[in-house]
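Inside the fold
Listed below, chain by chain, are the residues.
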Amino acid sequence: MSRISQCFANLKADGQTALIPYITAGDPEPWVTVPILHALVDAGANILELGIPFSDPMSDGAIIQKACERALKNDVSISQVLDMVAEFRKKDTETPIVLMGYANPIESMGYEAFAKKAQQVGVDGVLTVDMPPEETDEFLPLMTEHGIDTIFLVAPTTTKERMAYIAQHAKGFIYYVSIKGVTGSAVLDMAEVADKLSQLQQCTNLPLGVGFGIRDGKSAAAVSKVADGVVVGSTLVRCIAEHADRPENIAQAVASLLAEMRHAINAQDNALANA
Amino acid sequence: MAEQLNNEYYQTYPDDKGHFGPYGGRYVGETLMEAIYELEKAYKQYKHDPEFQAEMDKDLSDYVGRPSPLYHAQNWSKRLGGAQIYLKREDLNHTGAHKINNTIGQALLAKRMGKTRIIAETGAGQHGVATATVAARLGIECVVYMGAEDVKRQAMNVYRMKLLGAEVIPVDSGSRTLKDALNEALRDWVTNIDNTFYIIGTVAGPHPYPEMVRDFQTIIGREARQQILTATGRLPDALIACIGGGSNAIGLFHPFIGDETVAMYGVEGAGHGIETGQHAAPLCAGTPGVLHGNRTYLMQDKNGQIIETHSISAGLDYPGVGPEHALLKDIGRAKYVSVTDDDALQAFHDLTRIEGIIPALESSHALAYASQVAPTMSTDQILLVNLSGRGDKDMHTVAALAGLNFEG
């Protein structure tokens, strides 16, 4: 069982929802990233999503685009991102890490070189936003061979037939994009999310994470009612941006933001358990 | 033999996943997947629909003004002292470039698909104007994304789009040019997917765009092939076209791919010179990668980040290129070369003075290459050059280089 699957299984046994924060690697400076990751785990993160910066992040909104620009000002490369994971693993061998990004930096490194290095440094999963299952004939077997879970997105526009097709390719968990739009843009329609997740559950036994639109404890708690995992990205990245001129304060600031969400989710989980 | 190659190539590319050999494909976020499948289905349905074709043919003749003439540039040919140069006059189309061949087709498709809103990206503004034009005629809401840098360079076209009723949104991210406009248009599409049709202006993007835009643009090559046969009784020795995304070039090349005796040259923008790194020539100096929905040659750094391009012409200022050109390069069927800003500008002035035709700066790259190869050929050989657009939009840029400054 992969570290991601194990993590979800443990949480499920305890009646808990996974909290999955996203940050862009190297934002605003490379040295800040690993301390932020540790602080997020201390604040209650169960799985970490680390973004590989890309010059043209088409599926992301302005907040994450700017994070990529800050990281790229320091030329943060995919190899450096992998080095950050290696550094993180020196102190934490438990928390699963998912690398999230776009196809081109991985293409540029080479699928096989990436898979090998990712396995070696302790990456658990990869989510390539602009690589749908249709384009993974070469990519997917290499990731599987190196024990990396391939995580795919499902969107509000995804049909039920397509959900089944995606589920055949997915490992670790499935990431439901809860809004039609880019990251950090709109407000959640909880009824629609619940409806889509129940359709998705008919296609897969994999845990379901929900992201793109969760901005505070309240929305995190609402999502935790219906999902196995809650992904929080733009809200944390905005906090990083606000502290970009005082990078030494970032880990603390981001951690306290995440702690609020953890608290709200736990309250919701406990309420469900006691209901 | 020619017929055989013809059939084999045409039947093979793209495959049913939109791949041109290793290039092309559907590299987009999940939210867009249903939309591009829906588009592919609609396009397949209407492509062979006689009613759709008839409506399109009528628009192309009565509204666009096709067929565009094939003009024997005798003065210029004589001056260069070699091959006879024929110009395919796409500059005479309504709105001043080849772009409208494609927007007419996509807009008719949008209407049949029941979409009520059209978006587009634009570089030089020609595609934006061509889109705003068809949207005005169909009475559909139109939003055009344009890099802030290009908004500045192409103020006249921005005003034309606004006159036509389009909303022009300047894009301030990244290099503030065409690639960033494309990113922003894709973001808009994801957000407004239910009612919006995205009219991509070139033979790039996810499948089916490279195939569909090519099909709409092959009217250029189909007409040119017939016209040159009528005028000279034979096929040309070579075709020349400029390449940004590559839609005018593929439109000219595609119907000739099976004609083995016809050489093909795609001309990229060498900007200040390939060696300076400040250029827009991914086929000549780039490497394969994935951007904007397809795998193709890209201008990128060693970490796979897209790098900023430079060309005097906004329409060539793009770090990628249509995937079919990537394939034609690899199989050697077309050759890709580049021309600097300075050489393009010289050709711009030459054609203006010698033939009384003011070409677009984009097309001037093709003309510049023609002026380099024509003298090496004999006077009974034929070069067919795609004059893809007219230069009215470039007055501002050319005048500024001469030290003049217009307001507005």
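What you are looking at is a predicted structure, and each value in this text was computed from that prediction instead of being measured. (Residues numbered from 1 in each chain as written. Chains lettered and ligands numbered in written order. Predicted model: local features only at pLDDT ≥ 70, side-chain atom pairs only at ≥ 80, totals over all residues. Heavy atoms only, no water.)

1. So, the overall build of chain A
Across its full length, chain A carries 12 helices and nine strands. Burial analysis of chain A (275 residues in total) assigns 63% to the buried set. Of the contacts formed within chain A by residues at least 6 apart in sequence, a portion of 73% connects residues at least 24 apart. For chain A, the exposed surface amounts to about 10,100 Å²; the carbon and sulfur share of it is 49%. Taking the 21 positively charged and 34 negatively charged side chains of chain A as two groups, their mean positions are separated by 4 Å. (Helix = DSSP H or I, 4+ residues; strand = E, 2+ residues; numbered from the N terminus. Buried < 20%, exposed > 50% of the residue type's maximum accessible area, 1.4 Å probe, protein only. Contact = heavy atoms within 4.5 Å. Areas by Shrake-Rupley, 256 points an atom, 1.4 Å probe, with all protein chains shown as cover. Lys, Arg positive; Asp, Glu negative; His and termini not counted. Charge placed at Lys NZ, Arg CZ, Asp CG, Glu CD.)

2. A word on unusual backbone geometry
The step from D27(A) to P28(A) runs through a cis peptide bond, and the omega angle for that step is -5°. In this structure, P28(A) sits in the loop between β1 (18–24) and α2 (33–42). Along the chain, R66(B) connects to P67(B) via a cis peptide bond; the corresponding omega equals 0°. Within the secondary structure layout, P67(B) lies in the loop between α3 (50–64) and β3 (70–72). One non-glycine residue with positive phi stands out, namely D75(A), at about 55°. Relative to the assigned elements, D75(A) resides in the loop between α3 (62–73) and α4 (78–89). Not every positive phi belongs to a glycine, and F212(A) is a case in point at roughly 80°. Considering the arrangement of structural elements, one finds F212(A) in the loop between β8 (208–211) and α10 (217–224).

3. Digging into the packing of aromatic side chains
Residue and element names in this part refer to chain B. Inspection of the entire model under this criterion finds 13 aromatic pairs over all chains. Plain terms: the ring middles of Y9 and Y13 are 5.1 Å apart, the flat faces sit at 55° to each other, and that makes the pair tilted. One exposure class covers both Y9 and Y13, and it is buried. Arranged with centres 5.8 Å apart and planes meeting at 35°, the rings of Y46 and F52 form a pair that is tilted. In this structure Y46 comes out as buried when scored by relative accessible area, which is 15%. Given the relative accessible area of 1%, F52 is considered buried. If you follow R112 out to its NZ or CZ, it ends over the ring of Y46, 5.6 Å from the centre. The ring of Y297 carries K329 above its face, with NZ or CZ at 5.2 Å from the centroid. (Phe/Tyr/Trp six-rings, centres within 6.5 Å; stacked < 30°, edge-to-face > 60°. Lys NZ or Arg CZ within 6 Å of the ring centre and 35° of its normal.)

4. A short note on helix α11 (residues 219–232) of chain B
Residue and element names in this part refer to chain B. A rise of 1.5 Å per residue sets the reference length of α11, with its 14 residues, at 20 Å; its end C-alpha atoms lie 20 Å apart and thus fit the reference within 8%. Those residues of α11 lying buried are I219, I220, G221, E223, A224, Q227 and I228. Looking one or two places after α11, you find G233, whose phi comes out positive at around 80°. (Expected span 1.5 Å × (residues − 1).)

5. Looking at the packing of α2(A) against α4(A)
All names here are of chain A. Running from N to C, α2 and α4 cross one another at 50°; their axes reach a closest spacing of 9 Å. One way to sum up the angle between α2 and α4 is to call them oblique. Of the two elements, α2 crosses α4, and the hand of that crossing is right-handed. Listed contacts from α4 to T33, V34, L37, H38 and V41 of α2 are M84, E87 and F88. When its residues are assigned to classes, the contact of α2 with α4 shows five nonpolar, two polar and one charged. (Axes fitted to C-alpha atoms, helices over the stretch in contact; angles between N-to-C directions. Parallel < 35°, antiparallel > 145°, perpendicular 65-115°, else oblique. Left-handed = near helix turned anticlockwise from the far one by under 90°. Nonpolar A, V, L, I, M, F, W, Y, C, P; charged D, E, K, R; others polar.)

6. With respect to the sheet that holds strand β14 (residues 382–387) of chain B
Residues and elements named next belong to chain B. In spatial order, the strands read β3-β4-β14-β9-β10-β13; together these six strands make up an open sheet with mixed pairing. The open sheet has two edge strands with one neighbour each: β3 and β13 (335–340). Neighbouring strand axes in the sheet, compared pairwise and without regard to direction, differ in orientation by 30° on average. Here β3 runs beside strand β4 (residues 84–89); their pairing, made up of three bridges, is antiparallel. Each bridged residue has a counterpart across the sheet, and for Y71 the counterpart in β4 is L87. Sheet contacts for helix α15 (residues 341–355): β3, β4, β10 (263–271), β13 and β14; angle to β13, the most-contacted strand, approximately 85°. (Pairing = 2+ DSSP bridges.)

7. Quick look at the interface of chain B and chain A
Every contact between the two is made by 35 residues of chain B and, on the other side, 38 residues of chain A. Carbon and sulfur atoms make up 45% of the area that chain B and chain A hide from each other, which totals about 2,900 Å². Ranking the residues of chain B by area buried against chain A places E30(B), R187(B) and Q305(B) at the top, with a combined share of 23%. The shortest N-O distance in the salt bridge between D194(B) and K180(A) comes to 2.9 Å. Across the chain B-chain A interface, the total number found is 25 residue pairs in polar contact (both at pLDDT 80 or more). Counting residues per element, the ones that place at least two in the side of chain B that touches chain A are β2 (23–27), α2 (30–47), α9 (178–191), β11 (287–291) and β12 (293–298) of chain B. Take the side of chain B that touches chain A: its biggest share by element is seven residues, from α9(B). By residue class, the composition of the side of chain B that touches chain A is 11 nonpolar, 14 polar and 10 charged. (Buried area = accessible area lost by both parts, 1.4 Å probe. Salt bridge = Lys/Arg side-chain N within 4 Å of Asp/Glu carboxyl O. Polar contact = N/O pair within 3.5 Å; in protein donor to acceptor, adjacent residues only side chain to side chain.)

8. Structural notes on the nonpolar core
Core analysis: the biggest nonpolar cluster contains 190 residues, and L99(A), Y175(A) and L109(B) have the highest contact counts within it. Formed by 29 residues, the second largest nonpolar core is a distinct cluster that contains I240(B), C242(B), V267(B) and L387(B). (Core = buried A, V, L, I, M, F, W, Y, C linked by side-chain atoms within 4.5 Å.)

9. Looking at the environment of V232(A)
Residues and elements named next belong to chain A. Its place among the elements puts V232 in strand β9 (residues 229–232). Classification of V232 by relative accessible area gives buried; the value is 0%. As a C-alpha pair, V232 and T33 span 199 residues in sequence and 16 Å in three-dimensional space. Filtering out sequence-adjacent residues up to four positions away, V232 remains in contact with L19, I20, P21, Y22, I214 and M261.

10. A look at the sheet that holds strand β7 (residues 167–171) of chain B
All names here are of chain B. The four strands lie next to each other as β7-β6-β5-β8, forming an open sheet whose pairing is parallel. For this open sheet the edge positions go to β7 and β8 (196–198), each flanked by a neighbour on one side alone. In this sheet, adjacent strand axes meet at a mean angle of 25° when their direction is disregarded. Relative to strand β6 (residues 141–147), strand β5 (residues 117–122) is paired through six bridges, and the arrangement is parallel. Its bridge partner lying in β6, A120 is registered against V144.

11. A look at the pairing of strand β4 (residues 125–128) of chain A
Residues and elements named next belong to chain A. Because side chains alternate across β4, one face comprises the buried residues G125 and L127, and the other comprises V126 and T128, equally buried. Sheet topology places strand β3 (residues 97–101) next to β4; four bridges connect them, and they run parallel. Across the sheet, residue L99 finds its bridge partner in β4, namely V126. In the sheet, β4 pairs with strand β5 (residues 149–150) via two bridges, with the strands oriented parallel. Within β5, the residue paired with G125 across the bridge is D149. Once the chain exits β4 it traverses helix α7 (residues 139–145) before rejoining the sheet at β5, and the crossover so formed is right-handed. (Right-handed = clockwise from strand over helix to strand, strands pointing away.)

12. Some words on the confidence of the model for chain B
Chain-level statistics for chain B give a pLDDT mean of 95 and a share of 98% at 70 or above. With a pTM of 0.96, the predicted complex shows an ipTM of 0.96. (pLDDT = per-residue confidence, 0-100.)

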